Amino acid sequence: AQVRAMKPLPVPPAASRSSSRPHLLPLLEATLETVIEAARRLLERSPRTSTIPPSIVAQNGTAGIIAELAQHQPGVAIASELAIYSANIAAVVQMPVGLLFGRMGVALALRAAARSAGATEPADAAAQLLPSAADVSANGLYDLSHGLAGLGIGYLVFAESCGEDARASLARAEPERHC
């Protein structure tokens, strides 16, 4: 059997290439509008009038919304407001330590909101939520969502968000010093 070289696939003209790709700007704008509206609805509900406060974790709660809104100028103010709302809930509920389902993800979202808005209240709450060395020692999980892999990534992202080289910050081993 003889192997023949394949002919290269034809490259469509530039006009047809661009028309077959989705235009991202309208998708981003529509997504941002929808997320802003969801944040407004959440802020209209008082966590004190509900028997169970809304979820604030990254996977399925306000932390994911905050992290998204903090990336876009039209969403910065509401991200900061939602961060304070979420910090108030975090102050009174017990949460696991994980990245997607716990305090690490919430801390990163609050830090993102603080940076984008130049606000200190969410930044202070973020530092309070960071899992401690004891939390790390007690965590017997290794996965990204709940365990040590997610915590490690979270600490690096948090340190980098403070404008420091993450490795240098961690090498100094100053657990009580946060940005």
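In this text the structure is predicted, and so the values were computed from the model without any measurement.

**Overview of helix α3 (residues 62-69)**
Owing to its 3.6 residues per turn, the α-helix brings residues three or four apart onto one side. For α3, the complete set of buried residues consists of Thr62, Ala63, Ile65, Ile66 and Leu69. When α3 is viewed along its axis, its buried side chains cluster within an angular range of 160 degrees and face the same direction. If you follow the buried residues of α3, they end up packed against α2 (24-44), α4 (76-90) and α5 (103-117).

**Some points on the packing of α3 against α4**
One can describe the packing of α3 onto α4 by two numbers: an axis separation of 8 Å at closest approach and a directional angle of 155 degrees. As summarised for this structure, α3 and α4 are arranged roughly antiparallel, according to the angle between their axes. Relative to α4, the crossing made by α3 is left-handed. Contact residues: Thr62, Ile65, Ile66 and Leu69 in α3; Val76, Ile78, Ala79, Leu82, Ala83 and Ser86 in α4. Residues belonging to the contact of α3 with α4 are distributed by class as follows: eight nonpolar, two polar and no charged.

**Observations concerning the pattern of salt bridges**
Working definition: two side chains of opposite charge can pair if their charged atoms are close together. On inspection of all chains with the given rule, the structure shows two salt bridges. One salt bridge connects arginine 41 with glutamate 37, and the closest N-O pair in it is separated by 3.9 Å. Residue arginine 41 and its partner glutamate 37 are located together in helix α2, separated by four residues, close to a single helical turn. With a relative accessible area of 46%, arginine 41 lands in the partly exposed category. The class of glutamate 37 is partly exposed, set by a relative accessible area of 36%.

**Considering a nonpolar patch on the surface**
Among the surface-exposed residues, Leu24, Leu27 and Leu28 lie close enough to one another that they form a single nonpolar patch of about 300 Å² accessible area. Mapped onto the secondary structure, leucine 27 falls in helix α2.

**What to know about the nonpolar core**
In this structure, Ile65, Ile66, Leu69, Leu82, Val106, Leu110 and Leu129 are the most contacted members of the largest nonpolar core, which totals 35 residues. Looking at this core, the elements with two or more residues in it are α2, α3, α4, α5, α6 (121-129) and α8 (148-161). If sequence neighbours within four positions are ignored, leucine 129 has contacts with Ala90, Met95, Arg103, Val106, Ala107 and Leu110.

**Here we look at the side chain of threonine 62**
Following the sequence through the fold, threonine 62 ends up in helix α3. Look at threonine 62 and you get buried, because its relative accessible area is 1%. A distance of 2.6 Å separates the side chain of threonine 62 from the side chain of serine 86, its partner in a polar contact.

**A word on α6**
Of the positions making up α6, those classed as buried are Pro122, Ala123, Ala125, Ala126, Ala127 and Leu129. Packed against the buried residues of α6 are α4, α5 and α8.

**Quick word on the packing of α5 against α8**
Contact pair α5 / α8: the axes reach a minimum separation of 10 Å and the direction vectors enclose 15 degrees. Viewed along their axes, α5 and α8 adopt a mutual orientation that is roughly parallel. Crossing of α5 against α8: the hand is left-handed. Where α5 approaches α8, its residues Met104, Ala107, Leu108, Arg111 and Arg115 are matched on the opposing element by Gly150, Leu151, Gly154, Tyr155, Val157, Phe158 and Ser161. Residue composition of the contact of α5 with α8, grouped by class: seven nonpolar, three polar and two charged.

About the cut-offs
Each residue is numbered by its place in its chain's sequence as written, counting from 1. Residue-level local features of this predicted model are given only where pLDDT is at least 70; pairs of side-chain atoms are given and counted only at 80 or more, and the full residue set underlies all totals for whole chains, interfaces and linings. For the side-chain quantities, the full set of heavy atoms in the structure was used; hydrogens and water were omitted. In this scheme, a residue with accessible area under 20% of its type's maximum is buried, one over 50% is exposed, and one in between is partly exposed, where area comes from a 1.4 Å probe on protein chains only. Helix numbers and strand numbers start at the N terminus; a helix is a DSSP run of H or I with at least 4 residues, a strand a run of E with at least 2. Taken from the helix axis, the directions to the C-beta atoms give the arc we talk about. We call two residues in contact whenever any of their non-hydrogen atoms come within 4.5 Å of each other. Whenever a helix is involved, its axis is fitted only over the stretch in contact; in every case the axis is a line through C-alpha atoms, and angles between N-to-C directions fall within 0 to 180 degrees. Oblique is the label for every angle not falling under 35 degrees (roughly parallel), over 145 degrees (roughly antiparallel), or within 65 to 115 degrees (roughly perpendicular). Handedness of a helix crossing follows the sense of rotation of the near helix relative to the far helix, less than a right angle counterclockwise being left-handed and clockwise being right-handed. Any residue that is not Ala, Val, Leu, Ile, Met, Phe, Trp, Tyr, Cys, Pro, Asp, Glu, Lys or Arg is counted as polar, Gly included; the first ten are nonpolar and the last four charged. Just to be clear on terms, a salt bridge is a Lys or Arg side-chain nitrogen sitting within 4 Å of an Asp or Glu carboxyl oxygen. Surface patches are drawn from residues lacking salt bridges whose relative accessible area is over 30%; two like charges belong together within 9 Å, two nonpolar side chains (Val, Leu, Ile, Met, Phe, Trp, Tyr) within 5 Å. Using the Shrake-Rupley algorithm and a 1.4 Å probe, accessible areas are obtained, with residue cover drawn only from the displayed protein chains. As used here, the term nonpolar core means buried Ala, Val, Leu, Ile, Met, Phe, Trp, Tyr and Cys residues forming a set that is joined through side-chain atoms within 4.5 Å. Residues adjacent in sequence count toward polar contacts only when both atoms are side-chain atoms; beyond that, a polar contact is any pair of N or O atoms within 3.5 Å, and within protein one must be able to donate a hydrogen and the other to accept it.

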